[in-house]
Amino acid sequence: QKDDSQRLLESFNSDEKEHTLTKSKAEPYTSKEEIVLEESESPLNSNVTAFALKAKVIYPINQKFRPLADGSSNPSLHENPKQAVLPNQVMETSTSGSLGSLSQGDKEDCSSSTTIHSTTSDDRFQARAFLKVTGFPEVLTCESFDVKLCLCSLILKDLMLLDTELRKEKHVMFMQVLKVYLTDFYQKKKITDDLFKKVLLVQENDFEELQKQLDSRLQNTEMSGAHNSEYQTLEDLERKEREYSEHVIDNMEAFWKQTDKAQQAFLDQSKCSSTKATKIMMDLTKKMIAVESLLSESQDLQAMDIQERLFNWELMVKMIDSLKSYIPEECKCRLNIVSNILDHLTVKNNLSVRQKEELLTDLHKAFWEQLAHFSDECIQQSKDLILKRLECRAKKREEFKHRQKAEQGSLLSKTFHIEDVHDFLKAYHELLEKHRQAQWELEEEDDCESTEAVADLYKELYSKASHALTELVTKLFVRTLPVVTGLSVRECELLKEEWQENLVPQLEKWETPRQRRWKLFQEQLLQEKKLWMKEYALSAVMQKHLSEKQEKIIQGVISRLGCLSDESVNYILEKHRLLLCSVLTRLTLRRVGMAALARMRMSRKKSLLQELREQHTLQKGSSPCQDEDQWQLQKAVESHILEEEEKLEEETQQTHLEFHQQLVTEIQEALQFLQQHMEQVIGQTLLQHAQREAAKKSSDDGQDFKERLVEAAVESVYGTSNNINRLVQNYYQQIGKITEGYEGKKLQQLKSLQAERGERNRLRKKQENELALKEKQTKGLLNISSTVHQRMVLQQKKVLAQFELQQQIRLESLKQKLLGLHHLETELENQLKEAEQDFVSELAALARVPMAVKKQPSKRSKPAAEQTNSKRKSFQSPESEDKDNSHENIQEPPGLTSGLCR
């Protein structure tokens, strides 16, 4: 028995080596990780085998060996180590091992040899190549290890395609809106036909150049690191997604710069007024905001549809995998019943042990050879079928594109007026949405049909395998057994009938764990759906937070700028809203892609843990009545599963944190583009405002009339030197009184504001002292109930809140100060203008010169609020506060009194 046991151990080791060798040949692109996984189980099995040898018994390890009736031992023929591998069946040993291999005494080995973290925690998993697929039907022919990676890669491909389609749609919509405004100017004879065509041609060429640059960069990204065109690694995929996002952000920046350039060129060449230009730019911005809103809503809905498609794909793949595993498992069940019948004949001495083993060996060999042949045929038929369906899908897609392009061209060729722009945008978007939906339904229908076709092939394989096994068993019972055992043919036929009768309850019993396994899979899928919904909720929160923060920033910038009209301020706000919407739409899609990448990175470890959990659940459900040893064993397994779940949760959080940090970096880069673009917009707006103010002052000062009045007064015979000197002295005295009154009011205003500021500072310090006292009272409780990180966060929020409060108080103080000073300056300006007008009138009357300009009405009684409504108050930085305390030098009108004094 010792020699036989030693031979069994050597046979087991040789089978394991042959299994590893077969796997290495079957997977040319598999890294050394699978070999590590297989070798990690050998200590467990070796320990159990050593225990079996020491106990002088043949221990059933994973059902590979079983004791024989005559006391000898041979490899069990219930499991052929060289049985055929079904199409795409994974030839790899489970990392967790069987539950029977976990013993109470091997707890240390359990934590070291079967640990998921220890076998897959390194970065070699990211370097493992998996098949590069172009469509879902190809996934049906992949290995089960690659399935989730392939499906997620298809999701990333769909997201990229969606992004490309929406970007092209936005470009087309902008060109059409610009064309509508150009057509309106052309019909009103404000631009020529040559200018109309030139502007459109230049913009079309510029946008085509932008697209060519993007396509070239994306092609370089796709080609870089591609050592094999049929396979890809997760590391390459993450790099490509990151570079793709960078290229798209750069393209978006160039697009919006080009749109501004197009608008400015159009308005400059049309030579319209600044007010009209501002109105047109405002209208264009609002139209593009409507476009961004449509595209953002469409993107969110279709991203959720793409995610739902992933779950449908997993269900279909699971169904095919279930069919694949159904065939060998049921065949094993049938062969086990035959073995039991032969065991019964051996006990009755109708059959010797050697004869039984020979009969089982011949039966197994004949059946598994036929199944291998049928499996090879099924594999080839599946590949041919998928290839034909993909070719058919490509043809249908081309037909769809041709038809859809014609429909889009028909809509774009129509003429729209400015008031019909919104209707056009809605109609064009709905048309493209209908086209995308039709394409989507076509692909989903083809996916279902492909899955059903592959399922039919495996059903046919099952039918062939069942028929072949039935024929072999019939031959065994009807022809072979009567000769070997000496039983009559009728008795052997009764044995066959017994085999068929025992088959039904055994298959029903075997069906129960299959249904339980399917239920566990559905529960797992439901959990993943919840995680994805949580990810969408977090994305919405992020988008809202960024939007509110950026709106607050731009409002603060505008409040500090001042001096801009309401129209200019509204234009800046709308422009900022447009760019922010565009940035957030892109970042939202990037976040969805990162979630898919994080799932891919953790898919292998989740699968291993799910397999371990599934085996434990099935084992626990199959044997409700347990002895002490089995109970201890299951407790050890449950403890091991909890340990692996904690490790997986920790690694998952670390992975999400890594992707989150990467997303934050990309958000900062995108917001930097937004800031730079808005700086240019605000600078351009301020420049236009300054030009308008300069033009307005040059047209209102009446300098020409003053020069003519001086010349006429000097040459006039009516005005004597004494009279003119008296007028000038009276004018200077009046200016002095006005200036003195202004300085007094200004000093009084500054003192009042300083007193108010001191009072506010006193109240603020009082509130801070009360808060500090309250925090001191609750400090002990905070130290006990809060962690260090929470206390740091609270302290950070407190400091930021105090800083923002002080900044707000300082800004409000400056606003009140400058508002009061602006009121005094407005009153001073009105008084000086009135005094000047009185002096000019008296001088013109003295020199007998007719008044060319009418006297402006007095503004003394006009409320200061009405004076300041026409333009915004000019707020200056805190550094200029001290400069306002000095007296201003009031100068007389240049040229008028100096010329008279000459």
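The rules behind these values
Residues numbered from 1 in each chain as written. Predicted model: local features only at pLDDT ≥ 70, side-chain atom pairs only at ≥ 80, totals over all residues. Heavy atoms only, no water. Salt bridge = Lys/Arg side-chain N within 4 Å of Asp/Glu carboxyl O. Helix = DSSP H or I, 4+ residues; strand = E, 2+ residues; numbered from the N terminus. Buried < 20%, exposed > 50% of the residue type's maximum accessible area, 1.4 Å probe, protein only. Phe/Tyr/Trp six-rings, centres within 6.5 Å; stacked < 30°, edge-to-face > 60°. Lys NZ or Arg CZ within 6 Å of the ring centre and 35° of its normal. Axes fitted to C-alpha atoms, helices over the stretch in contact; angles between N-to-C directions. Parallel < 35°, antiparallel > 145°, perpendicular 65-115°, else oblique. Nonpolar A, V, L, I, M, F, W, Y, C, P; charged D, E, K, R; others polar. Contact = heavy atoms within 4.5 Å. pLDDT = per-residue confidence, 0-100. Expected span 1.5 Å × (residues − 1). Bend = angle between axes of the 7 residues up to and from the residue.

A. Just the pattern of salt bridges, in detail. By the definition in use, this model includes 43 salt bridges. A salt bridge links Arg393 to Asp446, with the shortest nitrogen-to-oxygen separation between them at 2.8 Å. Here Arg393 is found in helix α11 (residues 353–412), whereas its partner Asp446 is found in helix α12 (residues 421–485), with 53 residues between them in sequence. A single burial state applies to Arg393 and to Asp446, both of which are buried. A single network of salt bridges, built from pairs that share partners, joins Arg389, Arg393, Asp446, Asp447 and Glu449.

B. Representation of unusual backbone geometry. For Asn349, which is not a glycine, the phi torsion comes out positive at approximately 65°. Relative to the elements of secondary structure, Asn349 occurs in the loop between α10 (274–347) and α11.

C. Molecular detail of the packing of aromatic side chains. Under the definition given, this model contains 14 aromatic pairs. Members of the aromatic cluster, each reached through a chain of ring pairs, are Phe174, Phe207, Phe255 and Trp256. In this arrangement the basic side chain of Arg403 is found over the ring face of Phe400, its NZ or CZ atom lying 4.9 Å from the centre.

D. Spotlight on the packing of α10 against α12. One way to put it is that α10 packs onto α12 with a least axis distance of 12 Å and a crossing angle of 5°. Relative to α12, α10 is oriented roughly parallel. Across the contact of α10 with α12, the residue classes tally to 33 nonpolar, seven polar and 11 charged.

E. Region of the structure containing the side chain of Gln263. Topologically, Gln263 is positioned in helix α9 (residues 234–270). The exposure class of Gln263 is buried, given its relative accessible area of 2%. In contact with Gln263, not counting residues within four places along its chain, are Phe174, Met281, Leu284 and Lys575.

F. Main features of the confidence of the model for the chain. The predicted model of the chain has a mean per-residue pLDDT of 75, with 76% of residues at 70 or higher. Note on residues 853–902: pLDDT is under 50 here. Beyond four places in sequence and across chains, it has 85 contacts.

G. Summary view of the environment of Lys157. Structurally, Lys157 is set in helix α7 (residues 144–187). Sequence separation between Lys157 and Glu241 is 84 residues; the distance between their C-alpha atoms is 9.9 Å.

H. Main features of α10. Between its first and last C-alpha, α10 extends 108 Å over 74 residues, near the 110 Å set by a 1.5 Å rise per residue. Within α10, the axis deviates most sharply at Tyr326, by approximately 25°, and proline Pro328 lies no more than four positions further along. Of the residues flanking the end of α10, it is Asn349, one or two places downstream, whose phi is positive at about 65°.

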